[in-house]
Amino acid sequence: MTTRNQSEKDLLLRLRDIWEEAVAFRVTVVDEGNCRANHRVGQEFEFSWRSPEGICTESLIGMYPILHSMRALGDMRELGSSKRNVKVYSCPSQEIKFRIEALYRCNICGNKLQFDHDGVQSPQLQCTRPEFPLRVCDTCYTNYKDRRIEW
Ligand SMILES: [Zn+2]
């Protein structure tokens, strides 16, 4: 009995213990002007769910629809960008320009996933409880494809 429970436990991957956010953002100031948040060209912020310290709150709120779209794998070329995962955003005062780049990562280990003009190129695994797809790197796919995955 103990052996059976142990092997079932070994076959279960609990995502909540290892979860890596699938999408992160790198926001870089690419044009500066009169700015109360004192943004300067070259400033860079990298974040996922938590707001980055030091970024202008009005700009963060203004760019949020873009972040949300990127999180859902939205294609920025539909918004006039030349790259699928990059969009330049002008702040509400039209003073500062931010280059927003979506970074797509393996849900299990956090490694960067392959990305091209067709989108994220990665194998998928399935979380069974609750049910949702996971985008993972080749290594995690190989390591976990035979495991039961739950939150
Ligand atoms: Zn991985």
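Quantities reported herein were computed from a predicted structural model and do not represent experimental measurements.

*Asks:* Break down the coordination of the zinc ion for me, with residues and values.
*Replies:* Bound to the zinc ion are the protein donor atoms Cys-106 (SG), Cys-109 (SG), Cys-137 (SG) and Cys-140 (SG), situated 2.3 Å from the metal. Viewed at the metal, the 4 donor atoms of the zinc ion are separated by angles of 105 to 118°, and the geometry they form is tetrahedral. The motif formed by the donor residues of the zinc ion, counted along the single chain, is C-x2-C-x27-C-x2-C. Here Cys-109 is found in the loop between strand 5 (97–104) and strand 6 (114–116), whereas its partner Cys-140 is found in helix 3 (residues 138–144), with 31 residues between them in sequence. Since its relative accessible area comes to 33%, Cys-109 is described here as partly exposed.

*Asks:* Residue-level account of the pattern of salt bridges, with values.
*Replies:* Summed over all chains, the structure comprises 11 salt bridges. Between Arg-99 and Glu-101 there is a salt bridge, and its shortest N-O distance comes to 3.3 Å. Note that Lys-145 is salt-bridged to Asp-146, the shortest N-O span being 3.9 Å. Take Asp-146: its relative accessible area is 63%, and that puts it in the exposed class.

*Asks:* Please set out the domain arrangement of the protein chain residue by residue, giving values where relevant.
*Replies:* Domain boundaries assigned for the protein chain yield domain 1 (1–19 + 109–151) and domain 2 (23–104). Here the C-alpha centre of domain 2 lies 30 Å away from the C-alpha centre of domain 1. Interface of domain 1 and domain 2: buried area, both sides summed, is about 630 Å²; carbon and sulfur atoms make up 64% of it. Looking only at domain 1, the three residues that lose the most surface to domain 2 are Lys-112, Phe-115 and His-117, adding up to 60% of its buried area. At the junction of domain 1 and domain 2, the tally comes to 0 salt bridges. Connecting domain 1 to domain 2 are 3 residue pairs in polar contact (both at pLDDT 80 or more). Of all elements in the fold, only strand 6 and strand 7 (119–121) reach the threshold of two or more residues within the side of domain 1 that touches domain 2. When grouped by side-chain class, the residues that make up the side of domain 1 that touches domain 2 number 3 nonpolar, 3 polar and 4 charged.

Scoring rules and cut-offs
- Residues numbered from 1 in each chain as written.
- Predicted model: local features only at pLDDT ≥ 70, side-chain atom pairs only at ≥ 80, totals over all residues.
- Heavy atoms only, no water.
- Donors = N, O, S within 2.8 Å, 3.2 Å for Na, K, Ca; no water.
- Tetrahedral: all angles 85-135°; square planar, octahedral: opposite > 155°, others 65-115°.
- Helix = DSSP H or I, 4+ residues; strand = E, 2+ residues; numbered from the N terminus.
- Buried < 20%, exposed > 50% of the residue type's maximum accessible area, 1.4 Å probe, protein only.
- Salt bridge = Lys/Arg side-chain N within 4 Å of Asp/Glu carboxyl O.
- Domains from an automatic or database assignment.
- Buried area = accessible area lost by both parts, 1.4 Å probe.
- Polar contact = N/O pair within 3.5 Å; in protein donor to acceptor, adjacent residues only side chain to side chain.
- Nonpolar A, V, L, I, M, F, W, Y, C, P; charged D, E, K, R; others polar.

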